[in-house]
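Each chain, written out:
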Amino acid sequence: MLILMITTNDPAGSAFNLLQAVNANSDHTCRLITTETRYNFFFRKDIHIPLLSDYSEIEFLLKNADVFHFHMIADENMTLGPFRIKEYINNKIIIHHHHGEPPFRENPSLFRVKELALNRTAIVSTPDLQLLYPEATWLPNAVPLNDILYLPALPLHNDQEKFVITHSPTRRYLKNTDEFIETVNMLKIEGYPVAYKIIEKTPHEICLRTKRTSDIFFDHIQGYYGISSLEALSQGVACIAGLSDHTLRLIKEFTKTDEHPWVIAKNKVELRSRIIELLTDRKKLAHYKEVSRKWMLKYWNESKVAAKYIEVLNNSLIS
C-alpha cells in the first residue's frame, strides 16, 4: 500500500519516526506531507509545503495513495498547495491520529462523534487519550533506536560530580515543571548533589544531545508517558514518570511482559522520594540506566510498532 500521512506540524517528530519504521519494516511505502513549522524544533521532514515550488509529487500522492493518514487536527478539508484533499478522498482508507493536541483534549467528543459517524479508524498516541476516545486504538510511538542521538552516551558520573536531571516540556503546565523545579531546588538546599536542566524552545537535536548526557530524566506525573520518555529510555537514561494503572496495563498488552523500565512517581511526594533513591543508591540508578535501553530494544522496537500499525491498517475499512 501507499500510505500518505498529512499534518500541519509533526508532533514531536513522531509522524516522521512512524514513516521510517513502516518503510524499514514492511513492504508498504509511507510518505509525509507537513504544512507548517511550529516551535522551530527542526524535526526531520519529508515533503514540506512551504519549501515547494512544484506540486506534481503531491498530486501523484493524492491520486495514488491507498491510505490517507491524518495527524492531529488535519482532515480532508485542508488544501495542499493548489489541491483540495476532499476531491481525492474516495476509495481511500482514512486514519485519524490524535496526539493530545489542545483542541482534542479540550473537546474530544467533537472529533470522536465526527469520525465514528464517518466510520473511520482512529488512533491515539498515548494510553491516556484512549480514555477520551474509547473506540480508538493506541499505537505506541516509534523511536529510531539505532540513530546515533538515541544511543547511550556517558558512563555514570563519579562521586565528586553532581547528578543531572533533565526535563523537556513543550508546555510546562502539562508536564509538572513547577513541581519538578521546586522539588529539585529543595533537594539542593538540603545538600543533595543534584542539578537540573530545563530543555525548552530548543532544536530537537540539541534536546537529544543534552538529555543523552544526563543521569535522570523527568517526564511528568500526569498518568501517562511522553515521547520524551521513550527517547530517554532509548538513550539509557533513568526515566521518572507517573504512569497510571491504565497506562501500565496497555503497555503490558503491547509488550507482552510485566517488566517496564520507568521509575514511577505519581505525585510530588513520590517524585521527591524516587529522586532521593536514585541519588543515594548508585546500584539502583545504574540498574535503571542499563535496563532502559535493553527493554526498548526488546519490547518497543520499530519493528513491533510497524507491525501494530499494519494490523490497524488491515482492520480498517475503505471510505
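Anything mentioned here points back to the structure above.
Residues numbered from 1 in each chain as written. Predicted model: local features only at pLDDT ≥ 70, side-chain atom pairs only at ≥ 80, totals over all residues. Heavy atoms only, no water.

Our next topic: the sheet that holds strand E13 (residues 238-241). Pairing is parallel across the open sheet formed by five strands, whose spatial order is E11-E10-E12-E13-E14. Either end of the sheet is taken by a strand with one partner, and the two such strands are strand E11 (194-198) and strand E14 (263-264). With two bridges joining them, E13 and E14 adopt parallel strand pairing. Paired with Ala241 across the two strands is Ile264, which belongs to E14. Strands strand E10 (163-167), E11 and strand E12 (216-218) of the sheet are contacted by helix H6 (residues 177-189), whose axis makes an angle of about 155 degrees with E11. (Pairing = 2+ DSSP bridges. Helix = DSSP H or I, 4+ residues; strand = E, 2+ residues; numbered from the N terminus. Contact = heavy atoms within 4.5 Å. Axes fitted to C-alpha atoms, helices over the stretch in contact; angles between N-to-C directions.)

The next point concerns the environment of Glu59. With respect to the helices and strands, Glu59 occurs in helix H2 (residues 56-64). Note on Glu59: relative accessible area 27%, which makes it partly exposed. A C-alpha to C-alpha distance of 22 Å links Glu59 and Gln20, two positions 39 residues apart in sequence. (Buried < 20%, exposed > 50% of the residue type's maximum accessible area, 1.4 Å probe, protein only.)

Moving on: the packing of aromatic side chains. Each aromatic ring pair is specified by the distance between its two centres and by the angle formed by the two planes. By the definition in use, this model includes 15 aromatic pairs. Judged by centre distance (6.4 Å) and plane angle (20 degrees), the rings of Phe104 and Tyr133 are stacked. Of the two residues, Phe104 is situated in helix H3 (residues 102-106) and Tyr133 in the loop between helix H5 (127-132) and strand E9 (137-138); the sequence distance between them amounts to 29 residues. Note on Tyr133: relative accessible area 0%, which makes it buried. Taken together, the ring pairs in this structure connect Trp138, Tyr225, Phe254, Trp262, Trp295, Tyr299 and Trp300 into an aromatic cluster. Sitting over the ring of Phe217, Lys211 keeps its end group 4.5 Å from the ring centre. The ring of Phe254 has Lys304 lying over it, and the distance from NZ or CZ to the ring centre is 5.2 Å. (Phe/Tyr/Trp six-rings, centres within 6.5 Å; stacked < 30°, edge-to-face > 60°. Lys NZ or Arg CZ within 6 Å of the ring centre and 35° of its normal.)

Remark: helix H8 (residues 227-234) packs on helix H11 (residues 282-299), axes separated minimally by 7 Å, with the N-to-C direction vectors making an angle of 110 degrees. It follows from the interaxial angle that H8 and H11 lie roughly perpendicular. Across from Leu230, Leu233 and Ser234 in H8, the residues of H11 making contact are Ser292, Arg293 and Met296. The class makeup of the residues in the contact of H8 with H11 is three nonpolar, two polar and one charged. (Parallel < 35°, antiparallel > 145°, perpendicular 65-115°, else oblique. Nonpolar A, V, L, I, M, F, W, Y, C, P; charged D, E, K, R; others polar.)

For the rest of this paragraph, the subject is unusual backbone geometry. Among all residues except glycine, the phi angle is most often negative; among peptide bonds, the trans geometry is most common. The backbone of Ala12 sits at a positive phi, close to 60 degrees, despite the residue not being glycine. Tracing the chain through its elements places Ala12 in the loop between strand E1 (2-7) and helix H1 (14-25). Owing to a relative accessible area of 30%, Ala12 belongs among the partly exposed residues under this scheme. Although it is not a glycine, Met72 sits at a positive phi angle of roughly 55 degrees. With relative accessibility at 8%, the residue Met72 sits in the buried group.

Quick look at the packing of H6 against helix H10 (residues 268-280) now. Closest axis-to-axis distance for the H6/H10 pair is 10 Å, and the angle between their directions is 45 degrees. By the angle between their axes, H6 is oblique relative to H10. Our pair here, H6 against H10, has a crossing hand that is right-handed. Facing H6, whose interface residues are Glu179, Phe180, Glu182, Thr183, Val184, Met186 and Leu187, H10 presents Lys268, Leu271, Arg272, Ile275 and Ile276. (Left-handed = near helix turned anticlockwise from the far one by under 90°.)

A side chain with one charge may pair with a side chain of the opposite charge, provided their charged atoms come close. Counting across every chain of the model gives 21 salt bridges. In this structure, the salt-bridge partner of Asp75 is Lys114, at a minimum N-O distance of 3.0 Å. Linking Asp75 in the loop between strand E4 (67-71) and strand E5 (79-80) with Lys114 in helix H4 (residues 108-117), this pair joins segments that are 39 residues apart in sequence. Note that Lys284 is salt-bridged to Glu277, the shortest N-O span being 3.6 Å. You can call Lys284 partly exposed: its relative accessible area is 31%. Relative accessible area serves as the criterion here: at 28%, Glu277 is assigned to the partly exposed category. Each member of the salt-bridge network shares a partner with another, and the members are Arg31, Asp46 and Glu57. (Salt bridge = Lys/Arg side-chain N within 4 Å of Asp/Glu carboxyl O.)

In this section: the sheet that holds strand E2 (residues 29-34). Reading across from one edge, E3-E2-E1-E4-E7-E8-E9 is the order of the seven strands in this open sheet, with parallel pairing throughout. Of all the strands in the sheet, just strand E3 (47-48) and E9 have a single pairing partner and so form its edges. Across two bridges, the pairing between E2 and E3 is parallel. For Thr34, the partnering residue across the bridge sits in E3 and is His48. Across the sheet, H1 lies against E1, E2, E4 and strand E7 (93-98), angled at about 165 degrees from E2, the strand it touches most.

Once that is clear, we can look at the pairing of E7. Where burial is concerned, most of E7 is hidden: six out of the six residues are buried. Side chains Ile93, Ile95 and His97 project from E7 onto one buried face, and the interleaved Ile94, His96 and His98 project onto a second face that is buried too. Where E4 meets E7, five bridges bridge the pair, whose relative direction is parallel. Directly across from His69, in E7, lies its bridge partner Ile95.

Honestly, that's just the spatial picture; any functional story needs more than this.
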